[in-house]
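# Commentary on secondary and tertiary structure
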Amino acid sequence: MNQIKKSFSAFGPAIMIDMNNARNRSVQLSVRGNCFFYSPNNAPPPLPSYKERERSPRRRSHIESFAVWSLPNSNLALAPKSISDPREQGEMATKRSVGTLGEADLRGKKVFVRADLNVPLDDAQKITDDTRIRASVPTIKFLLGNGAKVILASHLGRPKGVTPKYSLKPLVPRLSELLGVDVVMSNDCIGEEVEKLAAALPDGGVLLLENVRFYKEEEKNDPDFAKKLASVADLYVNDAFGTAHRAHASTEGVTKFLKPAVAGFLMQKELDYLVGAVANPKKPFAAIVGGSKVSSKIGVIESLLAKVDVLILGGGMIFTFYKAQGYAVGKSLVEEDKLELATSLIEKAKTKGVALLLPTDVVVADKFAADAESKIVPASSIPDGWMGLDVGPDAIKTFNETLDTTKTIIWNGPMGVFEFEKFAAGTDAIAKKLAELTTTKGVTTIIGGGDSVAAVEKAGLADKMSHISTGGGASLELLEGKTLPGVLALDEA
Ligand SMILES: Nc1ncnc2c1ncn2[C@@H]1O[C@H](COP(=O)(O)OP(=O)(O)OP(=O)(O)O)[C@@H](O)[C@H]1O
Ligand SMILES: O=C(O)[C@H](O)COP(=O)(O)O
């Protein structure tokens, strides 16, 4: 932590809150240009309340002088959120692995494998990203290599009843190619045809079932449906990390009818990183949280505040924090009903001794469009009529300097509107920094969340990170400290 503080005091172009002990209560942050400098032992003066600041723009320079540190003590407590018992989270990392099964357990056995093959398809039903298919291969190959017959199940999309565009058929050629076997596909996931095809499977054969969500009973976790799914198999492997936060028939219900019920290799790797590395991180531990809205990340931020040394915020949510500090935010995305929440999160960081960094400069646009006019401005003075769509170069520099001092980094949510090239620099810079730190310094880097993963993949850096999660919602729930029903249902190690 001292090392981190040093780097802040040297570079400073970020708003910092580091209130990890009583001594730090006499830290003052002051503004020079758009840089906030760290200068210890000057107690900040009393400040006007948020309402007063709103009414009195004249006082803004005064507010800037004391930046985040000077926020009034807030009694705006967060609504209590139920977070699972951490011991239950730990339990998830102690599930029996498919690796404990050998040829004696598997040869000639029918194994029901639940994978998450929910891949994006274009209008011509062509797979546009096969990451999830590739990620499911090691478990299936292991089972086939031990003489098992694999009955593979997944959902795709959110169909309401049988919907051809959500069929798993387009996946057969790619699966066959990756597995090196001719994958057989049934037109249904339960019933006579499935029973016949399953009975005819040779050792080392694969039967892909049609989309389990073609039945509403799947999402209802209907026990009869789960029993029908299970009826064609002898044992169960759950490798569908991306769907493990859903208590559905094929992820949870089926475990009542098949034993053993074990975790696949992908599931294990996800849990190792998202539970293990986060619970016992090499320190200093930093989290980078971005994305569009603070409301969708409250749980993650709160949970991470209990674990990290540094929290870097970016993306659309920062403007709610700025507005809460009395800054002009122009047309930027602001959740008016979350201003008090932003203030209380800052307070919480202070109490917990977490260094919270918000960008000091931002890239603003005159409209929300790829071809918008853009310019870089200090975070404290976004002009009227402009909106912040990315973090600025000073912020990137500070973020990088800070990340250089850490040993574990978890990243969820892009730094800006990375879908538009003009506003992708902040997100790209974080992706590059994490790749560099992983490869040159052995820093553990974990990327969770659909859009940040997409950004890393777009930058071609996915294979440079320690772990890229295949689960958007599931990884978010884990980071929020919740447990996943699909995992809890599995056998203990
Ligand atoms: N300054 C900004 N203003 C508006 N939108 C922004 C801003 N910065 C980022 N975003 C948007 O936030 C979206 C991603 O937010 P989200 O919270 O969904 O991230 P995620 O957690 O990585 O993804 P997912 O929810 O798919 O897991 C992107 O579409 C991006 O364009
Ligand atoms: O894409 C995902 O996050 C998983 O496949 C789960 O899909 P769902 O959100 O439709 O349950």
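Sequence order sets the numbering: in each chain, residues are counted from 1 along the sequence as written. The naming scheme follows written order: chains are lettered A onward, ligands numbered 1 onward. Predicted model: local features are reported for residues with pLDDT of at least 70 only, side-chain atom pairs are reported and counted for 80 or more only, and whole-chain, interface and lining totals are derived from all residues. With hydrogens and water excluded, all non-hydrogen atoms of the structure serve as input to the side-chain values.

An unreviewed UniProt entry lists the protein chain under the name phosphoglycerate kinase, with Zizania palustris as the source organism. Among the UniProt annotations of the protein chain, the heading Subunit (unreviewed entry) holds the following wording: "Monomer." UniProt positions are given in the numbering used here, feature names are shortened, and annotations may be inferred rather than shown by experiment. Per UniProt, the comment on the protein chain under Catalytic activity (unreviewed entry) is "(2R)-3-phosphoglycerate + ATP = (2R)-3-phospho-glyceroyl phosphate + ADP".

For any two aromatic rings, the description comes down to two numbers: the centre-to-centre distance and the angle of the planes. Only Phe, Tyr and Trp rings take part, Trp by its six-membered ring, and two of them pair if their centres are within 6.5 Å. Stacked means planes under 30 degrees apart, edge-to-face means over 60, and tilted covers everything else. Scanning all chains against the criterion turns up 6 aromatic pairs. Relative to F420, the ring of F368 has its centre 5.3 Å away and its plane inclined at 65 degrees; by these criteria the two rings are edge-to-face. Highlighted residues: F368 in the loop between strand 13 (361–365) and strand 14 (374–378) and F420 in the loop between strand 16 (408–412) and helix 16 (425–441), separated in sequence by 52 residues. The exposed category is assigned to F368, whose relative accessible area is 53%. Each member of the aromatic cluster is reached from another via a ring pair, and the members are F319, Y322 and Y327. Across from the ring centre of W386, 4.3 Å away, lies the NZ or CZ of K375, which sits over that ring. Each helix corresponds to a stretch of at least 4 residues labelled H or I by DSSP, and each strand to a stretch of at least 2 residues labelled E; elements are numbered beginning at the N terminus. Only protein chains enter the calculation, and the probe is 1.4 Å; a residue is then buried if its accessible area is under 20% of its type maximum, exposed if over 50%, and partly exposed in between. Charge-over-ring placement is defined geometrically: NZ (Lys) or CZ (Arg) within 6 Å of the ring centre, and within 35 degrees of the ring normal.

Looking now at the environment of I301. Structurally, I301 is set in helix 12 (residues 298–305). For the pair I301 and G385, spaced 84 residues apart in sequence, the C-alpha to C-alpha distance is 30 Å.

The term salt bridge refers to a pairing of a side-chain nitrogen on Lys or Arg with a carboxyl oxygen on Asp or Glu at a separation within 4 Å. Taken as a whole and assessed by the stated rule, the structure comprises 25 salt bridges. The salt bridge involving K95 is made with E492; its shortest N-O contact spans 2.6 Å. Of this pair, K95 sits in the loop between helix 4 (86–92) and helix 5 (103–106) while E492 sits in the segment after helix 19 (485–488), and the two are 397 residues apart along the sequence. Overall, E492 belongs to the partly exposed group, its relative accessible area being 41%. Ionic pairing is found between D203 and R107, a salt bridge with its closest N-O pair at 3.8 Å. Here D203 is found in the loop between helix 8 (192–200) and strand 7 (206–208), whereas its partner R107 is found in the loop between helix 5 and strand 4 (110–114), with 96 residues between them in sequence.

So, about the sheet that holds strand 7. DSSP bridges decide pairing: two strands pair if at least two such bridges lie between them. Strand order across the open sheet formed by 6 strands is 6-7-5-4-8-9, with parallel pairing between neighbours. Sheet topology places strand 6 (184–185) and strand 9 (261–263) at the edges, where each strand pairs with a single neighbour. Of the strand pairs in this sheet, strand 8 (residues 235–238) and strand 9 are connected by 3 bridges, and their pairing is parallel. Counted as the bridge partner of N238 is A263 from strand 9.

Strand order in the open sheet made by the 3 strands is 14-13-15, with antiparallel pairing throughout. Looking at strand neighbours, the two that pair on one side only are strand 14 and strand 15 (387–391), the edges of this open sheet. Here the average twist between neighbouring strands, direction ignored, is 40 degrees. Summarising the sheet, strand 13 and strand 15 pair through 4 bridges and their orientation is antiparallel. When the bridges of strand 15 are listed, V362 appears paired with V391. Axis definition: a line fitted to C-alpha atoms, over the contacting stretch in the case of helices. Angles run 0 to 180 degrees between N-to-C directions.

We now examine the site of ligand 2. The immediate surroundings of ligand 2 are formed by D116, N118, R132, H155, R158, R213, G242 and R246. Any pair of N or O atoms that falls within 3.5 Å is considered a polar contact. Within protein, one atom must be able to donate a hydrogen and the other to accept it, and sequence-neighbouring residues count only if both atoms are side-chain atoms. Take R158: an N or O atom from its side chain is 2.6 Å from an oxygen atom of ligand 2. A distance of 2.8 Å is found between an oxygen atom of ligand 2 and a side-chain nitrogen or oxygen belonging to R213. The Shrake-Rupley method, run with a 1.4 Å probe, gives the accessible areas here. Residue values count only the displayed protein chains as cover. Its free accessible area being 310 Å², ligand 2 has 85% of it covered by the protein chains. Nonpolar residues are Ala, Val, Leu, Ile, Met, Phe, Trp, Tyr, Cys and Pro. Charged residues are Asp, Glu, Lys and Arg, and all others, Gly as well, are polar. Of the residues assigned to the shell around ligand 2, the class counts are no nonpolar, 3 polar and 5 charged. In this text, near means that some heavy atom of the residue lies within 4 Å of the molecule or strand in question.

Around ligand 1, the structure places 19 residues, and the nearest of them are S292, K297, G388, E419 and G450. S292 places a main-chain nitrogen or oxygen 3.1 Å from an oxygen atom of ligand 1. The contact in question runs from a nitrogen atom of ligand 1 to an N or O atom on the backbone of G316, over 3.2 Å. Alone, ligand 1 offers 640 Å² of accessible surface; in the complex the protein occludes 80% of this. In terms of residue count, the dominant contributor to the shell around ligand 1 is helix 17 (residues 450–458) (3 residues). The residue makeup of the shell around ligand 1, split by class, is 5 nonpolar, 11 polar and 3 charged.

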